[in-house]
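# Coordinate analysis (summary)
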Amino acid sequence: MRTEDFIRLEETYGAHNYHPLDVVLSEGKGVWVWDVEGNRYLDCLSAYSALNQGHRHPRIVDVMIAQAQKLTLTSRAFRNDQLPLLEKELCELSGHDMMLPMNTGAEAVETALKAARLWGYQVKGIPANQAEIIVCDHNFHGRTISIITFSTEPLYRDGFGPFTPGFKVIPFGDAGALEKAITPHTAAFMVEPIQGEAGVIVPPEGYLREVREICDRHTVLMIADEIQSGLGRAGKLFACDWENVQPDMITIGKALSGGMLPVSAVVGTREVLGLFKPGSHGSTFGGSPMACAVAREALNVIVDENLPQRAHELGAYFVEQLWEINSPYVKEVRGKGLLIGVELNDEGGDARPFCEALRERGILAKETHRNVIRFAPPLIITQEELDWALVHIREVLRS
Ligand SMILES: *Cc1c(COP(=O)(O)O)cnc(C)c1O
């Protein structure tokens, strides 16, 4: 079967909830992927940062195969010998007290929201069913009905109501707006330290520190959604580390499994995560020995290969080189670490044709927010590979 055959099947039998580039991939290794025609591409999306360790990292593959031959799933009705070790290791790495394992990012976000409400009622003393949670405009936290309730993107919401009460939206990057929005019923403020899906929006310097301080002063929980910005992507283990801020809860996902299977988690304080009681929350696959063994090795790779520092150094170089292209179509290059957005100006127009042109030259990047090209290669990329990419990016951004 050829590319057109796969596309025809997918268009016929698959719901059209995505608009992928028309490349059908069948193999990947490190930063590279191959399509069914045998063409090679540099992966500059990393599955929305789920592949920070690269495709099929040999150490993670070995652990996954070994675990598949031992024990894959117990459910939480029984204990297994991997979950406790992941819990300890992730807590030590993040400096938190406790963790709760789930599968997808959206589930980790839902878990954090539930935990915040529990804390609001049981610790802060908010009257029953009155808890409010504040979020930012242009956020992306996932696709469940409660999460799209507070999305400001019409495409994500239209046709999916009625929605969930209890959320309030304020401008991103504006600490004053947070202070104004807080009421005695506010349980938590949830924020992405860098807004990825919104087009790689970096808040003003000091924002996260101010948020932490405001949350402390009003006894409001700070939840950082680091599902995309965390695990090295932004040049630190967590993007909040740039401002030495410790949130009350962090949601983690995507690269937590090195791209092998959906693994997510919430880490947080004992005061909050300690409130869950047996039966109050759960997931059949969350915390499976398979997920935990893979996540443990995925974390080891991030630490052993110094991926946050790599992302920081190579990201700074990449941003500088992208600016130097001096393209007439580019308004701004921004980002942290290897989470980089190139925003096009009016002359540049839509990002999609640029992504198509990059694909022609063997680079897979995806537009985000219509006029932004996101570059987020695996953090194991070498400078030589970046330089190769820059040659092609230069030609596409200049033609
Ligand atoms: C991808 C993402 C999510 C949702 O993760 P899923 O695994 O797709 O449910 C939530 N928050 C952020 C910041 C993300 O980038």
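Placed above this text is the structure.
We now turn to the structure provided with this report. (Residues numbered from 1 in each chain as written. Predicted model: local features only at pLDDT ≥ 70, side-chain atom pairs only at ≥ 80, totals over all residues. Heavy atoms only, no water.)

## Observations regarding the pattern of salt bridges
A side chain of one charge can pair with a side chain of the opposite charge if their charged atoms are brought near each other. For the coordinates displayed, the defined rule picks out 23 salt bridges. The partner of Lys88 in a salt bridge is Glu92, and the shortest N-O contact between them spans 3.2 Å. Here Glu92 and Lys88 lie together in helix α4 (residues 83-94), a separation of four residues that amounts to about one turn. You can call Glu92 exposed: its relative accessible area is 55%. Glu179 is paired through a salt bridge with Arg217; the nearest N and O atoms lie 2.7 Å apart. Taken together, the residues Glu179 in helix α8 (residues 175-181) and Arg217 in helix α9 (residues 207-217) connect sequence positions 38 residues apart. You can call Arg217 partly exposed: its relative accessible area is 47%. (Salt bridge = Lys/Arg side-chain N within 4 Å of Asp/Glu carboxyl O. Helix = DSSP H or I, 4+ residues; strand = E, 2+ residues; numbered from the N terminus. Buried < 20%, exposed > 50% of the residue type's maximum accessible area, 1.4 Å probe, protein only.)

## Things to note about the pairing of strand β2 (residues 32-35)
Here strand β1 (residues 25-29) pairs with β2 via four bridges, running antiparallel. Considered in β2, the bridge of Lys29 is made with Trp32. Taking the residues that link successive antiparallel strands as the turn, the β1-β2 hairpin has two residues, and the phi of Gly30 there is positive, at about 65 degrees. Where β2 and strand β3 (residues 40-43) come together, three bridges link them in antiparallel fashion. Among the inter-strand pairings, Trp34 is bridged to a residue of β3, identified as Arg40. (Pairing = 2+ DSSP bridges.)

## Some points on the nonpolar core
In globular proteins that are soluble, nonpolar side chains generally tend to be buried together. Core analysis: the biggest nonpolar cluster contains 60 residues, and Leu231, Phe318, Leu322, Ile373, Phe375 and Ile393 have the highest contact counts within it. With nine residues, helix α11 (residues 289-304) is the largest single contributor of residues to this core. In terms of domain composition, this core takes at least three residues from each of domain 1 (3-57 + 306-398) and domain 2 (58-304). Once you skip the residues sitting within four places of it in the chain, Phe375 turns out to touch Cys44, Phe318, Leu322, Leu338, Leu339, Ile340, Val342, Leu358, Ala365 and Ile393. Membership of the second largest hydrophobic core comes to 26 residues, among which are Ala106, Ala116, Ile147 and Leu221. (Core = buried A, V, L, I, M, F, W, Y, C linked by side-chain atoms within 4.5 Å. Domains from an automatic or database assignment. Contact = heavy atoms within 4.5 Å.)

## A look at the site of the ligand
All residues in the neighbourhood of the ligand are listed as Thr104, Gly105, Ala106, Phe140, His141, Gly142, Glu192, Asp225, Ile227, Gln228 and Lys254. Between the ligand and Gly105, the relevant distance is 2.8 Å, taken from an oxygen atom to a main-chain nitrogen or oxygen of the residue. Side-chain polar atom of Gln228 to an oxygen atom of the ligand: 2.8 Å apart, as the coordinates give it. Calculation on the ligand without its partners gives an accessible area of 380 Å², and the protein chains cover 80% of this total. A per-class count over the shell around the ligand returns three nonpolar, five polar and three charged. (Near = heavy atom within 4 Å. Polar contact = N/O pair within 3.5 Å; in protein donor to acceptor, adjacent residues only side chain to side chain. Areas by Shrake-Rupley, 256 points an atom, 1.4 Å probe, with all protein chains shown as cover. Nonpolar A, V, L, I, M, F, W, Y, C, P; charged D, E, K, R; others polar.)

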